[in-house]
Amino acid sequence: FQFFWLSLNVWLFGKTFLLYNQGLQYYYLHQMLGLGLCVSRASASVLNLNCCLVLLPMCRVLLAFLRGSQKVASKKTRRLLDKSKTFHVTCGVTICIFSVLHVAAHLVNALNFSENYNEEFVTLNAANYRGEDPRKLLFATVPGLTGVIMVLVLFLMCTASTYAIRVSNYDIFWYTHNLFFVFYMLLMLHVSGGVLKYQTNLEEHPPGCFNPNKTLQQNLTVPKAFEELFPDYTTEPFPEDLPVPEPLVQNSFMRVCSEEPKFQSHFPETWFWISGPLCLYCVERLYRYIRSNKPVTITSVISHPSNVLEVRMVKDDFEARPGQYVILHCPRVSALESHPFTLTMCPTDTKATFGVHLKVVGDWTERFRDLLLLHSNQDTEILPIFQQRRYPK
């Protein structure tokens, strides 16, 4: 699976790079931007793929359903589903790496838009004039401004995902990670700018072709090949030292343009990549929220040695099997934060009680313990302390 994912990334990067490097529709744009165009678009295709895949491992209900389905009988497949968090982290790291590459390429593009301003094809330029400050393209345009904010959001998410922050203060990690909603909204705005354009009339205007009408208007000379076609206007031979691009030459003759090139912005492709997984994740979050509205009654709490807390609960119509996990969410501890815990006691036909053991290692578990135990500072290094009272739901 890792090999397939890696091959897909390499294929997407290479295919997009070659398209923007050799595609005739990007001939004039490539002349203006050079290698920065190819790298920025190739890295964007990899980002689209991984922004699509990074959400799927977080669809916990869907993964639990697939793992418990009778159709998934293979142990290898189940072990693969158990590695969903690892795949999520892998996609996240890939997004960070190619975001750096994408930003660096667009910084070069902004500079080239300013220095290589094309006065012949004004609509192709992102800059307004030659020598315009490239910082205006970064902070005064929709793609540039959204890109800067997305980099800041991604930086916060990445730094807060480090092991040291997750262990010392899980709240920071959780709340910054929920900024991915902001990231995806900005991503959809980012691709709607339409800065990079392609040529639409390749038949009427082959890239780099000879335009006799424009040549006559600029009082330029006409090549010998066109002296018979335009005898009234041809006075001097075409200079031999004038460089002629390869797309002009076909069977030793230059192609003639019938009209000026027309350029058009791409329709945003990112929508196709992320809309499906994003909607799936939102539906699952809504389903989990609706399902979690059913109250859970805590029947007893046992404080074990070594900061281990056992919580026994009851919930109507709750079914489970050994080895499954539940996601605990306590609004009085944290409004948005929730954590998975493996079931250590399952309900049976005669007993509806189920329970979990949790280690008090972070701020969430500490506040959860203080909420449940009246005297959390009791010495539990020798014997467990059993408490049973009317707990908050």
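Residues numbered from 1 in each chain as written. Predicted model: local features only at pLDDT ≥ 70, side-chain atom pairs only at ≥ 80, totals over all residues. Heavy atoms only, no water.

### What about the overall build of the protein?
Put simply, the rule is: For helices the rule is a DSSP run of H or I covering at least 4 residues; for strands it is a run of E covering at least 2, with both sets numbered from the N terminus onward. Residues are treated as being in contact if the distance between any of their heavy atoms lies within 4.5 Å. Exposure was quantified through the Shrake-Rupley algorithm and a 1.4 Å probe, taking into account, for residues, occlusion by the shown protein chains and nothing else.
A tally of helices and strands in the protein yields 14 helices and ten strands. Long-range pairs, those at least 24 residues apart, make up 65% of the contacts in the protein with a sequence separation of at least 6. Here the protein displays about 23700 Å² of accessible surface, and carbon together with sulfur accounts for 61% of that area.

### A word on the environment of Ala320
Relative to the elements of secondary structure, Ala320 occurs in the loop between strand E6 (308-314) and strand E7 (325-328). Sequence separation between Ala320 and Met345 is 25 residues; the distance between their C-alpha atoms is 9.5 Å. Ignoring sequence-local partners within four residues, the contact set of Ala320 consists of Leu343, Cys346 and Pro347.

### Considerations on the nonpolar core
Convention followed: By convention a nonpolar core is built from buried Ala, Val, Leu, Ile, Met, Phe, Trp, Tyr and Cys residues, the set being connected through side-chain atoms within 4.5 Å. Here's how the labels work: a residue is buried when its accessible area is under 20% of the maximum for its type, exposed when over 50%, partly exposed in between, all with a 1.4 Å probe on protein chains only.
Counting residues in hydrophobic clusters, the biggest one holds 25 residues, and the most contacted among them are Cys51, Phe183 and Tyr184. At the level of elements, helix H1 (2-22), helix H3 (35-53), helix H6 (84-115), helix H8 (142-160), helix H11 (180-190) and helix H13 (270-291) are the ones that each hand at least two residues to this core. If one sorts the elements of this core by residue count, H11 sits on top with six residues. Residues contacting Phe183, with those up to four places away along its chain left out, are Cys51, Met150, Val153 and Leu154. Judged by nonpolar contacts, the second largest core, of 21 residues, contains Leu328, Leu358, Phe368 and Leu373.

### A look at the pairing of strand E5 (residues 297-304)
Where we set the bar: Each pair of strands is called paired provided DSSP finds at least two bridges between the two strands.
The buried fraction of E5 is high, at six of eight residues. The sheet contact formed by E5 and E6 spans seven bridges and is antiparallel. Bridge pairing in E6 places Val301 opposite Val311. Taken together, E5 and the strand that follows it, E6, pair antiparallel across an intervening segment of three residues, in which Ser306 is found at a positive phi of about 65 degrees.

### Details of the pattern of salt bridges
To keep it simple, the criterion reads: Each salt bridge in this description consists of a side-chain nitrogen of Lys or Arg and a carboxyl oxygen of Asp or Glu lying within 4 Å of one another.
One pass over the full model with this rule turns up six salt bridges. Across the pair Asp82 and Arg67 runs a salt bridge whose closest N-O atoms are separated by 2.7 Å. Taken together, the residues span a long stretch of sequence, with Asp82 in helix H5 (residues 75-82) and Arg67 in helix H4 (residues 60-68) at a distance of 15 residues. The exposure class assigned to Asp82 is partly exposed, which follows from its relative accessible area of 45%. Taking relative accessible area as the criterion, Arg67 reaches 35% and is therefore assigned partly exposed. Here Arg367 makes a salt bridge to Asp171, at a shortest N to O gap of 3.3 Å. Taken together, the positions of Arg367 in helix H14 (residues 363-372) and Asp171 in helix H10 (residues 170-177) put the pair 196 residues apart, joining distant regions of the chain. For Arg367, a relative accessible area of 32% gives the class partly exposed.

### Some remarks on the packing of aromatic side chains
For clarity, the cut-off: Centres within 6.5 Å are what make two rings of Phe, Tyr or Trp a pair, Trp counting through its six-membered ring; a difference in plane orientation under 30 degrees is then read as stacked, over 60 as edge-to-face, and the rest as tilted.
The full count for this structure, using the stated rule, is 15 aromatic pairs. Seen from their ring centres, Phe13 and Phe17 are 6.4 Å apart, and the 20 degrees between their planes marks the pair as stacked. Taken together, the residues Phe13 and Phe17, both in helix H1 and four residues apart, mark about one turn of the helix. Residue class for Phe13 comes out partly exposed when judged on its relative accessible area of 23%. Since its relative accessible area comes to 22%, Phe17 is described here as partly exposed.

### A closer look at the packing of H1 against H6
Heads up, the condition is: Note on definitions: angles span 0 to 180 degrees between N-to-C directions of axes, and those axes are lines fitted to C-alpha atoms, for helices only across the stretch in contact. Between 65 and 115 degrees an angle is taken as roughly perpendicular, under 35 as roughly parallel, over 145 as roughly antiparallel, and anywhere else as oblique. Two helices that cross are described as forming a left-handed crossing if the nearer one is turned anticlockwise from the farther one by less than a right angle, and a right-handed crossing if clockwise. Gly is put with the polar residues, along with every residue not named as nonpolar or charged; the nonpolar set is Ala, Val, Leu, Ile, Met, Phe, Trp, Tyr, Cys and Pro, and the charged set is Asp, Glu, Lys and Arg.
Between H1 and H6, the least distance of the axes is 13 Å, while the angle of their chain directions is 20 degrees. With respect to each other, H1 and H6 are oriented roughly parallel. Judged by the sense of rotation from one axis to the other, the crossing of H1 with H6 is right-handed. Contacts between H1 and H6 pair Trp5, Asn9 and Phe13 from the former with Phe87, Thr90, Cys91, Thr94, Phe98 and Leu101 from the latter. A per-class count over the contact of H1 with H6 returns six nonpolar, three polar and no charged.

### So, the UniProt feature "transmembrane region" (unreviewed entry) in the protein
Keep this limit in mind: UniProt positions are given in the numbering used here, feature names are shortened, and annotations may be inferred rather than shown by experiment.
Mapped onto the present numbering, the UniProt feature "transmembrane region" (unreviewed entry) falls at residues 42-66, 87-108, 137-160 and 172-191. Helix makes up 100% of residues 87-108 and strand 0%, with an end-to-end C-alpha separation of 32 Å. The straight-line gap between the two end C-alpha atoms of residues 137-160 is 30 Å; of that span, 92% is helix and 0% is strand.

### A short note on the confidence of the model for the protein
Detail in the predicted coordinates should be disregarded across regions flagged by low pLDDT. Selection criterion: Along the chain, pLDDT gives the predictor's confidence residue by residue, from 0 to 100.
Per-chain confidence: the protein averages 81 in pLDDT, with 83% of residues scoring 70 or above. Within the protein, H1 carries the highest mean pLDDT (95), whereas strand E2 (residues 249-250) carries the lowest (44). The model gives residues 229-240 a pLDDT under 50, and that stretch makes 16 contacts with residues more than four places away or in other chains. Considering only residues more than four positions removed or in separate chains, one finds that residues 247-253, a stretch of pLDDT under 50, has twelve contacts.

### Brief notes about the side chain of His190
Inspection of the secondary structure puts His190 in helix H11. His190 gets classed as buried once you look at its relative accessible area, which sits at 18%. Sequence-distant contacts of His190, defined by excluding residues within four places in its chain, comprise His102, Pro143, Thr146, Gly147 and Met150.

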